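Survey of secondary and tertiary structure
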Amino acid sequence: MTEKKLASLGKAEEGKSGKLTMNQNSNTRSVSDIVQARARKFFSKKTLHQRLPITQWLPKYNLESLEGDMVAGLTVGLTVIPQGIAYALVAGLTPNYGLYSAFMGCFVYMFLGSCKDITIGPTAIMSIMTHEYSVDKNPDYAILLCFLSGIIIFAAAVCNLGFLITFISKPVIAGFTSAAAISIASSQLKGLFGLSYQSESVIEAFSKLFENIGDTRWQDLTLGLCSIVVLLLMRKLKDLKITKVQPDDSTYVRIGRKMLFLISVGRNAIVVIVAGIIAFAAKSDTFTLTGDIEAGLPAFKAPPFSTWDNGTEIYFSEMVSNVGAGIIIIPLISILESIAIASAFAGGKTIDATQEMYALGMCNILGAFVQSIPVTGSFSRTAVNSTSGVKTPAGGIVTGLLVVLALAFLTPYFKYIPKATLSAVIICAVIFMVEYETVRPIWKARQLDQIPLWGTFLTCLFWKLEFGILVGVGINLAILLYGVARPKVNVSTVLRKDESGPHYVLVEPRSGLFFPSVDHIRGQVTKAGVGPAESSVMVVVDCKHFTGIDYTATKGMKSLCQDFERRHQPLVFTNVTPGVERGLCSLIDDIVIARSSDQIDAAYKNPQSSAWRATDLCPGFCSIK
């Protein structure tokens, strides 16, 4: 008998060992299968098309696409050259750095970009942020910022952190953009008036303007104001009916309409060229000119990881320390601008935010090798690109080549461009970024959203742009968390069928049951129990809005049940989800959960003081002892 038992035990052990080996093999196979599945997915054709979008549209490219891309690319190129020169001045750098920033993004985005309309390059907001974090106007800091921004954006894409952008609401973005536009415009007043002074804020810019108003150069002011008027009129030209091509137009009329349209969208280049010719023809001291610009293409080299300051070498760690919060703020704003533009021009299609971040990251990384400042999508040039009839991201090739040609052959002539005209170009570009038209819709949709809007706007305007974003996000999170911590609780009295008195008091919290809100909900249920329920009528808590529960909330509900038990007052929970039920029953022994109205009626008819049990009342109750 003993031998049989030992044999059976041996077989059992062998069986267990066999099962263990099989389980181990099964686990090994499952890990191997997961790795293989991930590898197959990564190297699939779908992933190739998703991460290299050029493989989607290039096989279908035709002459019609080429025509649209050529026209759009040329138009955007005529826009970006004067803007690039002007934005470099906003960044506190020499004009050539604006042009260095205007072509690499166009080339890279053609391969990696998923939105045909977007053009990547220098923008007003990125320029003013670069100015803020470029120490002593040293271009090495701006180039390093471009490189580090690209690394951070690319890393965020790899880690799928694009969802963090959703924590910055539209009112915050509107407030930031509007304040940045006003800050940029105020910084250009000195160029418009022909003055020379340094200012770091809107208030300082206006105070310095009034202090130096007596030194205004009337030639610069006249040319600047005339440039603004002409730019605004030419901007309006494209919206007139005369520029709209009609189906029954003849070839000559069609060409004429397109020429008028091109004149409108290429207004910056036209005004700058005309102003340059006027300055060239006038005496050398008539206007304040841009001055000599370094000729030729930038050298392709690694971004600077050290720099020199008054004969002292500044190493990488110290450069990063000097830049400070700019390493985070600039990539964040870059992503914000680019994703917002992609969404605006998506035409109803879903935007792959991760892919846009990959593209933007690589634009900045490779741009740093040609001495670019931080870049992102430009709303004004993207709008020009779209209205010019671009068909694919290949339009960026034409734009980039035009900038390269300008750097190679035209830089000697850029020195004749008057600063007043460049100031006019910038002012006319940014005044339309002030989103005053959003104030009324935000008020109608939700008045509380005015707080983050104006909090962001005023902080950006009178303090610093990056602090404005933090203040806006902080206000939004505070409003969001307040709603979580203080949810609305509806209390109503359900009468008996004969309406002779209260049947029970129904308490309905309108959001989840988690630790920030548990004290508030407990207080409201207690208030209902001693108020409308008069410490005797049954109270029913409707849990249909509870999606989950945590330990703190469970402890709070346990204390609530004990309070009701001490008053010998029935308390019932209803419409409880399985997850919430498991959490409640894990700590509360005598909790009563009714799964139907019949069970609520049964609880009303059989309240046995503090000793009553749900299982005694009706099958289907949850009651644990």
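Residue positions are counted from 1 within each chain, in the order its sequence is given. The predicted origin of the model limits local features to residues at a pLDDT of at least 70 and limits the giving and counting of side-chain atom pairs to 80 or more, whereas totals for whole chains, interfaces and linings rest on all residues. The basis for the side-chain values is all heavy atoms of the structure; hydrogens and waters are excluded.

- In the annotation of an unreviewed UniProt entry, the entry for the protein reads Sodium-independent sulfate anion transporter, and the organism field reads Scylla paramamosain.
- What the UniProt record of the protein gives under Subcellular location (unreviewed entry) is the line "Membrane". UniProt positions are given in the numbering used here, feature names are shortened, and annotations may be inferred rather than shown by experiment.

A word on the overall build of the protein
- What the protein contains, in helices and strands, is 28 helices and nine strands.
- On the protein, roughly 31400 Å² of surface is accessible, and the fraction owed to carbon and sulfur atoms is 62%. Secondary structure follows DSSP: runs of H or I at least 4 residues long count as helices, runs of E at least 2 residues long count as strands, and numbering of each begins at the N terminus. All accessible-area figures derive from a Shrake-Rupley calculation using a 1.4 Å probe, and residue coverage is judged against the displayed protein chains alone.

Points about the layout of surface pockets
- Method remark: on a 1 Å grid restricted to protein atoms, a set of points is classed as a cavity if a 1.4 Å probe fits but cannot get out and as a pocket if it is open with protein on both sides within 12 Å along at least five of seven lines; lining residues have an atom within 4 Å of a point. Grid points are joined across faces, edges and corners, and a volume is the space filled by probe spheres set on the points. By volume, the largest pocket amounts to about 1100 Å³.
- In terms of lining residues, the largest pocket is bounded by 47 residues, among which Thr177, Phe379, Ser380, Phe432 and Met433 are the most central.
- Within the residue set of the lining of the largest pocket, elements represented by two or more residues are α4 (63-90), α7 (124-133), α9 (170-187), α12 (218-237), α14 (267-281), α16 (326-344), α18 (379-387) and α20 (419-430).
- Class assignment of the residues belonging to the lining of the largest pocket gives a composition of 30 nonpolar, 10 polar and seven charged.
- Surrounding the second largest pocket, 37 residues form its lining, Val90, His131, Ser187, Lys190 and Ser199 being those nearest its centre. In this count, Pro and Cys sit with the nonpolar residues alongside Ala, Val, Leu, Ile, Met, Phe, Trp and Tyr, while Asp, Glu, Lys and Arg are called charged and the others, Gly among them, polar.

Describing the sheet that holds strand β8 (residues 571-574)
- Strand order across the open sheet formed by five strands is β5-β6-β7-β8-β9, with mixed pairing between neighbours. Here the strands that pair on one side only, and so sit at the sheet edges, are β5 (489-495) and β9 (593-594).
- Two strands make a pair as long as DSSP finds a minimum of two bridges between them. Bridge analysis of strand β7 (residues 539-542) against β8 gives four bridges, and the strand direction is parallel. Bridge pairing in β8 places Val540 opposite Val572.
- Any two residues having at least one pair of non-hydrogen atoms within 4.5 Å are treated as being in contact. A fitted line through C-alpha atoms serves as each axis, taken over the contacting stretch for helices, and the angle formed by two N-to-C directions is quoted from 0 to 180°. In the packing of helix α25 (residues 551-566) onto the sheet, contacts are made with β7 and β8, and the angle to β8 comes to roughly 140 degrees.

Observations concerning the environment of Glu67
- Considering the arrangement of structural elements, one finds Glu67 in helix α4.
- In sequence terms Glu67 and Lys391 are 324 residues apart; their C-alpha atoms lie 8.7 Å from each other.

Description of the pairing of strand β6 (residues 502-509)
- In this scheme, a residue with accessible area under 20% of its type's maximum is buried, one over 50% is exposed, and one in between is partly exposed, where area comes from a 1.4 Å probe on protein chains only. Taken across its eight residues, β6 has seven buried, putting it largely inside the fold.
- Bridging between β5 and β6 involves seven bridges; their strand directions are antiparallel. The residue of β6 that forms the bridge with Val489 is Pro509.
- In the sheet, β6 pairs with β7 via three bridges, with the strands oriented parallel. Among the inter-strand pairings, Val505 is bridged to a residue of β7, identified as Val539.
- Note on handedness: a clockwise path from strand one over the helix to strand two, with the strands aimed away from the viewer, defines a right-handed crossover. Crossover β6 to β7 through helix α24 (residues 518-530) is right-handed.

Looking at empty space enclosed by the protein
- Under the definition given, this model contains one cavity of 30 Å³ or more.
- Space inside the largest cavity adds up to approximately 80 Å³.
- As for the largest cavity, its lining consists of 13 residues, and the residues nearest its centre are Tyr109, Ile118, Thr119, Pro393 and Gly396.
- Those elements that place two or more of their residues in the lining of the largest cavity are α6 (104-112) and α19 (395-414).
- No other element matches α6, which puts four residues into the lining of the largest cavity.

Description of the packing of α4 against α20
- Where α4 contacts α20, the axes come no closer than 9 Å and their chain directions differ by 95 degrees. The orientation of α4 with respect to α20, classified from their angle, is roughly perpendicular. Residues Pro82, Gln83, Ile85, Ala86, Tyr87, Leu89 and Val90 of α4 touch α20, and the partners they reach there are Leu422, Val425, Ile426 and Ala429.
- When its residues are assigned to classes, the contact of α4 with α20 shows 10 nonpolar, one polar and no charged. In this scheme, roughly parallel covers angles under 35 degrees and roughly antiparallel covers those over 145, while 65 to 115 is roughly perpendicular and the rest are oblique.

Regarding the packing of α6 against helix α17 (residues 353-368)
- Contact pair α6 / α17: the axes reach a minimum separation of 9 Å and the direction vectors enclose 145 degrees. Helix-helix and strand crossings are classified by hand; for α6 and α17 the assignment is right-handed. Listed contacts from α17 to Met104, Gly105, Val108, Tyr109 and Leu112 of α6 are Gln355, Glu356, Tyr358, Ala359, Met362, Cys363, Leu366 and Gly367.
- Residue classes in the contact of α6 with α17 are distributed as nine nonpolar, three polar and one charged. Left-handed describes a crossing whose near helix is turned anticlockwise from the far helix through less than a right angle; right-handed describes the clockwise counterpart.

Considering α25
- One less than the number of residues in a helix, times 1.5 Å, gives the span that helix is expected to have. Between the first and last C-alpha of α25 there are 23 Å, a value that for 16 residues agrees with the 22 Å anticipated at 1.5 Å per step.
- Listing the buried residues of α25 in full gives Ala553, Thr554, Gly556, Met557, Leu560, Cys561, Asp563 and Phe564.
- Buried residues along α25 sit against α24, β7, β8 and α26 (578-587).
- Contacts described as polar in this section are N or O atom pairs within 3.5 Å, which, within protein, must combine one atom able to donate a hydrogen with one able to accept it, while residues neighboring in sequence count only if both atoms come from side chains. Where α25 begins, the capping side chain belongs to Asp550, and its oxygen is found 3.4 Å from the backbone nitrogen of Thr552.
- Immediately downstream of α25, the backbone of His568 shows phi near 55 degrees, a positive value.

Considerations on the nonpolar core
- We call a set of buried residues a nonpolar core when its members are Ala, Val, Leu, Ile, Met, Phe, Trp, Tyr or Cys and they connect through side-chain atoms within 4.5 Å of each other. Core analysis: the biggest nonpolar cluster contains 104 residues, and Ile81, Met129, Ile333 and Phe414 have the highest contact counts within it.
- Looking at which element gives the most residues to this core, the answer is helix α8 (residues 139-158), with 11 residues.
- One finds Ala528, Val541, Met557 and Leu560 within the second-largest nonpolar core, a separate group that totals 29 residues.

A word on the pattern of salt bridges
- Definition used for salt bridges: Asp or Glu carboxyl oxygen within 4 Å of a side-chain nitrogen of Lys or Arg. Inspection of the entire model under this criterion finds 13 salt bridges.
- Residues Asp563 and Arg566 are paired through a salt bridge, measuring 2.4 Å at the closest nitrogen-oxygen approach. Residue Asp563 and its partner Arg566 are located together in helix α25, separated by three residues, close to a single helical turn.
- Given a relative accessible area of 16%, Asp563 falls into the buried group.
- Of the residues examined, Arg566 reaches a relative accessible area of 57% and is grouped as exposed.
- Taken together, the shared-partner salt bridges connect Glu508, Arg510 and Lys544 into one network.

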